[in-house]
Amino acid sequence: MITKHMIRTLMIETPTVPGNLGKVATAIGLVGADIGEVETVKVGPTYTMRNITVQVETEEQLNEIITAIEGLEEGIKLHTVSDEVLSAHEGGKIAMKSKMPIKSLAELRRVYTPGVADVCSLIKREPDKAEIYTTINNSVAIVTDGTAILGLGNIGPVAGMPVMEGKAALFDQLAGISGVPILLDTTDPEEIIRTVKNIAPGFGGILLEDIGSPHCFEVENRLKEELNIPIMHDDQHGTAVVTLAAAISACKSAGIDLKEAKVGQIGLGAAGAAICRMFMAYGVQVVYGTDKSEMAMNRLKEYGGQISSNIEELMETCDIVIATTGVPGLIKKEFVKEGQVILALSNPRPEIEPEVALEAGAAYAADGRSINNVLGFPGIFRGALNAKSKVVNHEMLVAAAEAIASCTKHGDLVPDPLQPEVHEKVAEEVERVARHVYVGV
Ligand SMILES: NC(=O)c1ccc[n+]([C@@H]2O[C@H](COP(=O)([O-])OP(=O)(O)OC[C@H]3O[C@@H](n4cnc5c(N)ncnc54)[C@H](O)[C@@H]3O)[C@@H](O)[C@H]2O)c1
Ligand SMILES: O=C(O)C[C@H](O)C(=O)O
Ligand SMILES: [Mg+2]
């Protein structure tokens, strides 16, 4: 079954007679669409109204469903077709809210002036007190210049805002962190660095998001040198953590030693380069790579990786293949080798659909929806902030990968991202390693 990416909700009326819902379901199924939720909105004496969610590949397929349902007789009526994903975004997904009630003058004076002046003066005298009396230490700036939004490319920061709001929503719900989207109207590395440094006093950490390569490398390295708070480019290190966790789990299930496996990467941009470095630092002996950019290939050589001249050659050589190109369908099913592990991580659509890779002989296959940095970044920042760490370093990232792998059931590649224990475990391990490094044990 190919994953279908368009989700629509159909409001359908059927006479309250057994068998009518079945006719609707058959009409949808014959077109090749998938049915998601079925919600009964109203059961009347003569008719029943339901919202049926369908997942389709294209507009044409949606139109075929509409025609098929309209063609059903016996009083079956299609009332509306709505796009619930779009509706869910109306007004945006996040808000800055007060934690304090302000309903009386006494409360107003406590929360704001004149009371607040004493708190300001205290922080002026003792700057460390900002950690206790402000939200700074629990806030992370989610910074993008819009140059590599998902696999959609350079669509600009405003078009990328739904992703940044999504990251903020995940920070809140999975780790209790206030994530604040910051959209930059520049793609110049120097300007990005200057801007982030100028806003840094308001944050306990900085998450760089969907900033394309190669400028993301300089931006991240310089900010790490010049600022004293945890900084992480999610597309690089968040992705590398989760990919390493998935590879550890796949190898454990398949009885292979990851360090001896031949790992191959298609796409060596922000995500690909970091995955390569992480796997090598973990102890993987050989990492092969291919990219259409010569600069990216040179980077691979610098890291000690081996170049494959094309995708076919890489697929032929490797046990574990990781793709981060942003190009849907790039890996043809004919390239898949029996028993291979294929992680096609591009969002919103992978280089090969997991179902296609499995049918073609892969032992394990997954896409960027399940192997996603959502499993890493909330807990990594929770742990770093709890430890009052000034950095996010390699040891903390490996601890996060091992924590994710330890929460994964045998036969799965990664755990369910909505399982709170996963994020708690990642946070706990990252905090433990960060504290260990700090006290210099
Ligand atoms: N699942 C996740 O958690 C996750 C996280 C980060 C990025 N990603 C996905 O990875 C993809 C890349 O993101 P990025 O931030 O690394 O972008 P990027 O622009 O930094 O890197 C993309 C790289 O792919 C290369 N490439 C493009 N087309 C190619 C082709 N036909 N053959 C070989 N190489 C090709 C480019 O030259 C570039 O080096 C995106 O689709 C993104 O959604 C997924
Ligand atoms: O944001 C995501 O869902 C994944 C990742 O950061 C991406 O850019 O694809
Ligand atoms: Mg991203």
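Structural data are supplied above this passage.
Please read all numbers here as calculations on a predicted model, not as lab measurements.

The rules we used
Residues numbered from 1 in each chain as written. Chains lettered and ligands numbered in written order. Predicted model: local features only at pLDDT ≥ 70, side-chain atom pairs only at ≥ 80, totals over all residues. Heavy atoms only, no water. Pairing = 2+ DSSP bridges. Helix = DSSP H or I, 4+ residues; strand = E, 2+ residues; numbered from the N terminus. Axes fitted to C-alpha atoms, helices over the stretch in contact; angles between N-to-C directions. Contact = heavy atoms within 4.5 Å. Near = heavy atom within 4 Å. Polar contact = N/O pair within 3.5 Å; in protein donor to acceptor, adjacent residues only side chain to side chain. Areas by Shrake-Rupley, 256 points an atom, 1.4 Å probe, with all protein chains shown as cover. Patch = residues over 30% accessible without salt bridge, like charges linked within 9 Å, V, L, I, M, F, W, Y side chains within 5 Å. Salt bridge = Lys/Arg side-chain N within 4 Å of Asp/Glu carboxyl O. Buried < 20%, exposed > 50% of the residue type's maximum accessible area, 1.4 Å probe, protein only. Donors = N, O, S within 2.8 Å, 3.2 Å for Na, K, Ca; no water. Left-handed = near helix turned anticlockwise from the far one by under 90°. Phe/Tyr/Trp six-rings, centres within 6.5 Å; stacked < 30°, edge-to-face > 60°.

Colleague: Sorry if this is basic, but what is going on with the sheet that holds strand β5 (residues 139-144) here?
Modeller: Backbone-to-backbone hydrogen bonds pair the strands of a sheet. The strands run either parallel or antiparallel. Reading across the sheet, the four strands line up as β6-β5-β7-β8 and stay open at both edges, with parallel pairing between neighbours. Of all strands in the sheet, those with a lone pairing partner are β6 (178-183) and β8 (231-233), marking the two edges. Recorded for the sheet is a direction-independent mean angle of 20° between the axes of neighbouring strands. Two strands pair when backbone bridges link them, and strand β7 (residues 205-208) and β8 are joined in this way by three bridges, in the parallel orientation. Of the residues in β8, the one forming a bridge with Leu207 is Met232. Contacts between helix α9 (residues 215-226) and the sheet are confined to β7 and β8, with β8 contributing the most and set at about 170° to the helix.

Colleague: Looking at this structure, how should I read the site of ligand 2?
Modeller: Surveying the vicinity of ligand 2 reveals the residues Leu150, Lys167, Glu209, Asp210, Asp235, Asn347, Asn372 and Asn373. A distance of 3.2 Å is found between an oxygen atom of ligand 2 and a side-chain nitrogen or oxygen belonging to Lys167. In this structure, Asn373 approaches ligand 2 through a side-chain N or O atom, which is 3.2 Å from an oxygen atom. In isolation ligand 2 offers 260 Å² of accessible surface; the protein chains occlude 81% of this area.

Colleague: Help me understand a nonpolar patch on the surface in this model?
Modeller: Together, Met100, Ile102, Leu105, Leu108 and Tyr112 give the surface a local cluster of nonpolar side chains, amounting to about 510 Å² of exposed area. Along the polypeptide, Ile102 turns up in the loop between α3 (84-88) and α4 (105-111). Among the residues examined, Ile102 registers a relative accessible area of 45% and is labelled partly exposed.

Colleague: It is not clear to me how the coordination of the magnesium ion (ligand 3) should be interpreted in this structure. Could you clarify?
Modeller: Tetrahedral coordination by four donors sets the ideal angle at the metal to 109.5 degrees; octahedral coordination by six donors sets it to 90 or 180 degrees. Taken together, the protein donors to the magnesium ion (ligand 3) comprise Glu209 (OE), Asp210 (OD) and Asp235 (OD), at separations of 2.0 Å. In the primary structure, the donors to the magnesium ion (ligand 3) are separated according to the pattern E-D-x24-D. A residue pair is termed long-range when its members are at least 10 positions apart, and Asp210 in the loop between β7 and α9 and Asp235 in helix α10 (residues 234-254) qualify at 25 residues. Considered together, Asp210 and Asp235 belong to a single accessibility category, that of buried residues.

Colleague: It is not clear to me how the environment of Thr290 should be interpreted in this structure. Could you clarify?
Modeller: As for its placement among the helices and strands, Thr290 is situated in strand β10 (residues 286-290). As a C-alpha pair, Thr290 and Val196 span 94 residues in sequence and 32 Å in three-dimensional space. Dropping the residues within four chain positions of it, Thr290 is found in contact with Gln265, Ile266, Gly267, Leu268, Met297, Ser308, Ser309, Asn310, Ile311 and Leu314.

Colleague: What is the right way to look at the packing of helix α8 (residues 189-199) against α9 in this model?
Modeller: Think of two packed helices as two axes; the pair is described by the angle between the axes and how far apart they sit. Viewed as axis vectors pointing N to C, α8 and α9 meet at an angle of 35°, and their least axial separation amounts to 10 Å. Considering only the axes of α8 and α9, their crossing is right-handed. Contact residues: α8 offers Pro189, Glu190, Ile192, Ile193, Val196 and Lys197, while α9 offers His215, Glu218, Val219, Arg222, Leu223 and Glu226.

Colleague: In this structure, what is going on with the packing of aromatic side chains? I would like to understand it.
Modeller: Two aromatic rings, taken as a pair, are described by how far apart their centres are and by the angle between their planes. What the rule picks out here adds up to two aromatic pairs. On the basis of an interplanar angle of 85° and a centroid distance of 4.9 Å, the ring pair of Phe171 and Phe377 is categorised as edge-to-face. Of this pair, Phe171 sits in helix α7 (residues 161-175) while Phe377 sits in helix α15 (residues 377-386), and the two are 206 residues apart along the sequence. For the pair Phe171 and Phe377, a shared accessibility class is recorded, and that class is buried. Relative to Phe381, the ring of Phe171 lies with its centre 5.8 Å away and its plane at 90°, an arrangement referred to as edge-to-face. Of this pair, Phe171 sits in helix α7 while Phe381 sits in helix α15, and the two are 210 residues apart along the sequence. Among the aromatic residues, ring-to-ring pairing joins Phe171, Phe377 and Phe381 into one connected group.

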